[in-house]
Each structure stands twice: as C-alpha cells, then as structure tokens.
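Below are the chains, spelled out letter by letter.
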Amino acid sequence: SQTIHQWPATLVQPVGSPLSLECTVEGTSNPNLYWYRQAAGRGLQLLFYSVGIGQISSEVPQNLSASRPQDRQFILSSKKLLLSDSGFYLCAWSVSLAGTDTQYFGPGTRLTVL
Amino acid sequence: AQSVAQPEDQVNVAEGNPLTVKCTYSVSGNPYLFWYVQYPNRGLQFLLKYITGDNLVKGSYGFEAEFNKSQTSFHLKKPSALVSDSALYFCAVRPLNSGNTPLVFGKGTRLSVIA
C-alpha cells in the first residue's frame, strides 16, 4: 500500500531564516506531487505541483520554491521566511488516471514564523 | 475556469439527525467531484468521488453524496450524524479530460455535531 510522509511535524522558525520541508511517498512510482498551504484552519492554497522529476509548476508567486530531486521526493524551501509564511503545509500525491485520480494527503507540517 | 462553492462556513446538527453539507461547482463540461474530511491538525482524508454512472455515491464512514447535473451540485449527506463527524469538510472538482491538473477545492465547511 502507498504511504506519504512529511517532516517535520511542527516547526518554529524566526523571520528571515531558511526553510526546508520534505515529503516522500512510498509504494508507487511516478506520482503527481502537490504542496498546499492552509491558513487559519480553512481553505487550501495550491503552491506547487509536479508531474515528474524536475518538473515543477508554480501556482502562486512568492518567496517559496519547490524541488523534486527524486521520483517520490518533493521539497518545499525558502531562503528567507516571512511572518505570512506561517501555516499548515500539506503534501499530496496522486497517480494520473485520465483525470479521475484521487489526491491523497500527508499528515502536514505546522510552521510558525516568529 | 473551474470553481467550487461551499456556501456555508458552519453547519450545526444534533447527534442522530441527518446532515447535509452543500457544494456547487462551475466547470466547462462534465466534472469529476470529490469530498474530503479534515480533523484538527491532520491532513485531508478522502471520503468519496463521483466519476460517472449512478448519481448517488457512497463513501467512507456512512457518508454519501448526490450528483445533480441540472443544479451543478454535489451535496454530502449522512442519515444519522455522530459527534465524531465534527470536522472540516472540503468539496473539490476537476474537469473531465483535464489530465494531470490539480483538484480545485472549496473553502471548506465546518461541521459541528452536538450531543
């Protein structure tokens, strides 16, 4: 069966510090991968998605970036965090089935920027 | 562009009563529709999806949803609510033949089931 891991689970960082969040998927090959941010326990904001190694689509211009160095690894980064980067970061995966694929979510990382 | 509307920020229901969480969508052509649930400080969990066929879709934990093409709706329902159903619910859509594009999510509806 497939599983998705995110770490760390929680993170407290000062403004201006760098960020690296990691997401890995097990039990599947060539998944589509997604990064979302959720602020204040409400709506989801799609940040990045990737359909293959080195292929990243950015949905929102900001100080975050994403990379996919391996097939089942997706990394979210920032060089300098802002207060507004605080939130709950969710990684998700799917396997393309002509549009019918379900996205499955990881447990999330709670980021607090002080 | 496709979109999803969840018109209620909050739904309150008494335990044992039926519950409905509303969702309407706007896409070009036919949609694929999804419901997810999120418990506090957790990731989203998939409940059910409509792809084609029977308009009534049954999913996890006793939930079901009815696809209504004329009303462009996909409301989530459960005959008898449990306190443990209290959570944040998201509706999502993807247009037919849209390939690998990500799901478009609604803003979420917070369900509170009162004992």
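Below you will find a few notes about this structure. (Residues numbered from 1 in each chain as written. Chains lettered and ligands numbered in written order. Predicted model: local features only at pLDDT ≥ 70, side-chain atom pairs only at ≥ 80, totals over all residues. Heavy atoms only, no water.)

It is worth spelling out the side chain of Arg68 of chain A at this point. Note on placement: Arg68 of chain A falls in strand 7 (residues 64-70). For Arg68 of chain A, a relative accessible area of 3% puts it in the buried group. (Helix = DSSP H or I, 4+ residues; strand = E, 2+ residues; numbered from the N terminus. Buried < 20%, exposed > 50% of the residue type's maximum accessible area, 1.4 Å probe, protein only.)

This part is about the packing of aromatic side chains. Residue and element names in this part refer to chain B. Enumeration over the complete set of coordinates arrives at 16 aromatic pairs over all chains. With a centroid separation of 6.1 Å and 25° between ring planes, the pair formed by Tyr25 and Phe67 is classed as stacked. Residue Tyr25 is found in strand 4 (residues 24-26), and its partner Phe67 is found in strand 8 (residues 64-68); the two are separated by 42 residues along the sequence. Judged on exposure class, the residue Tyr25 and its partner Phe67 are both buried. Centroid distance Tyr36 to Phe105: 5.6 Å. Interplanar angle 55°. Geometry classified as tilted. (Phe/Tyr/Trp six-rings, centres within 6.5 Å; stacked < 30°, edge-to-face > 60°.)

To continue, consider the pattern of salt bridges. If you walk through the whole model with that rule in mind, you get 6 salt bridges over all chains. Across the pair Asp71 of chain A and Arg68 of chain A runs a salt bridge whose closest N-O atoms are separated by 3.3 Å. Residue classification places Asp71 of chain A among the partly exposed positions, given a relative accessible area of 22%. Note that Asp101 of chain A is salt-bridged to Arg94 of chain B, the shortest N-O span being 3.5 Å. Remark: Arg94 of chain B occurs in strand 10 (residues 87-95) and Asp101 of chain A occurs in the loop between strand 9 (87-94) and strand 10 (104-105); the pair is interchain, linking two chains. (Salt bridge = Lys/Arg side-chain N within 4 Å of Asp/Glu carboxyl O.)

With that out of the way, let us pick up the environment of Phe74 of chain A. Residue and element names in this part refer to chain A. Structurally, Phe74 can be placed in strand 8 (residues 73-78). We classify Phe74 as buried; its relative accessible area is 0%. Put simply, Phe74 and Val25 are 49 residues apart on the chain and 8.8 Å apart in space, counted from C-alpha to C-alpha.

Attention now moves to the interface of chain B and chain A. The partner chain A presents 25 residues to the 24 residues of chain B that form the contact. Both sides together, the interface formed by chain B and chain A hides about 1,900 Å², and carbon and sulfur atoms give 50% of it. By the criterion of area lost to chain A, the three top residues of chain B are Leu44, Asn100 and Pro102 of chain B, representing 28% of everything that side buries. There are 1 salt bridge connecting chain B and chain A. Counting every contact that joins chain B to chain A gives 6 residue pairs in polar contact (both at pLDDT 80 or more). Among the secondary structure elements, those contributing two or more residues to the side of chain B that touches chain A are strand 5 (31-38), strand 6 (44-50), strand 10 and strand 12 (109-114) of chain B. With 4 residues, strand 5 of chain B is the single largest residue contributor to the side of chain B that touches chain A. (Contact = heavy atoms within 4.5 Å. Buried area = accessible area lost by both parts, 1.4 Å probe. Polar contact = N/O pair within 3.5 Å; in protein donor to acceptor, adjacent residues only side chain to side chain.)

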